[in-house]
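Here's the letter readout for the chains.
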Amino acid sequence: QVQLVESGGGLVQPGGSLRLSCAASISIFRINVMRWFRQAPGKERELVATLTSTGSASAADSVKDRFTISRDNDKNTVYLQMNSLKPEDTAVYYCNAVIRIGPMSYWGQGTQVTVSP
């Protein structure tokens, strides 16, 4: 019932920045929790950042000082601003939406982020 489309990934040099976008097919205020995950080859999926419908934002300790999650309700979009990127940030980044009634969880197709000289 909810479609999520990620964009904004690409190749960037260490120390560079990228802004990922997750466009939802419904109003963001109807989604209880928005999350960004990432998964590198051979690694488990890792929670990167969380944004609740009440406006509470958080990020994993490994990216807390460099990544910021935000939203634009008018555009039905959640963002992940990534600064000071490191090679270990290389992964496929996924957007996840949770609606508490059910609950129901939805995933985007992912966008590749590669940090390399």
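Below, the structure is looked at part by part. From a predicted model like this one, the values you see are computed outputs, not experimental measurements.

Basis of the calculations
- Residues numbered from 1 in each chain as written.
- Predicted model: local features only at pLDDT ≥ 70, side-chain atom pairs only at ≥ 80, totals over all residues.
- Heavy atoms only, no water.
- Core = buried A, V, L, I, M, F, W, Y, C linked by side-chain atoms within 4.5 Å.
- Buried < 20%, exposed > 50% of the residue type's maximum accessible area, 1.4 Å probe, protein only.
- Helix = DSSP H or I, 4+ residues; strand = E, 2+ residues; numbered from the N terminus.
- Contact = heavy atoms within 4.5 Å.
- Salt bridge = Lys/Arg side-chain N within 4 Å of Asp/Glu carboxyl O.

All right, on to the nonpolar core then. Side chains of nonpolar character tend, in soluble globular proteins, to be buried together. Core analysis: the biggest nonpolar cluster contains 31 residues, and Leu4, Trp36, Leu80, Met82 and Tyr93 have the highest contact counts within it. Every element with two or more residues in this core is listed here: β3 (18–24), β4 (33–39), β5 (46–52), β7 (67–72), β8 (77–82), β9 (91–99) and β11 (111–115). Residue contributions to this core peak at 5 residues, all from β9. With residues up to four places along the chain from it excluded, the contact list for Tyr93 reads Glu6, Leu20, Trp36, Phe37, Arg38, Val48, Phe67, Leu80, Met82, Gly110, Thr111 and Val113.

This brings us to the pattern of salt bridges. Evaluated as defined, the whole model comprises 3 salt bridges. Between Arg38 and Glu46 there is a salt bridge whose closest N-O contact spans 2.9 Å. Note on Arg38: relative accessible area 7%, which makes it buried. In this structure Glu46 comes out as partly exposed when scored by relative accessible area, which is 30%. The partner of Arg66 in a salt bridge is Asp89, and the shortest N-O contact between them spans 2.7 Å. Pair noted here: Arg66 is in the loop between β6 (57–59) and β7 and Asp89 is in the loop between β8 and β9, with a separation of 23 residues, a long-range link.

By secondary structure assignment, the location of Thr111 is in strand β11. Residue Thr111 is classed as buried on the basis of its relative accessible area, which comes to 10%. When neighbours within four sequence positions are excluded, Thr111 is seen to be in contact with Glu6, Ser7, Gly8, Gly9, Leu20, Ala91, Val92 and Tyr93.

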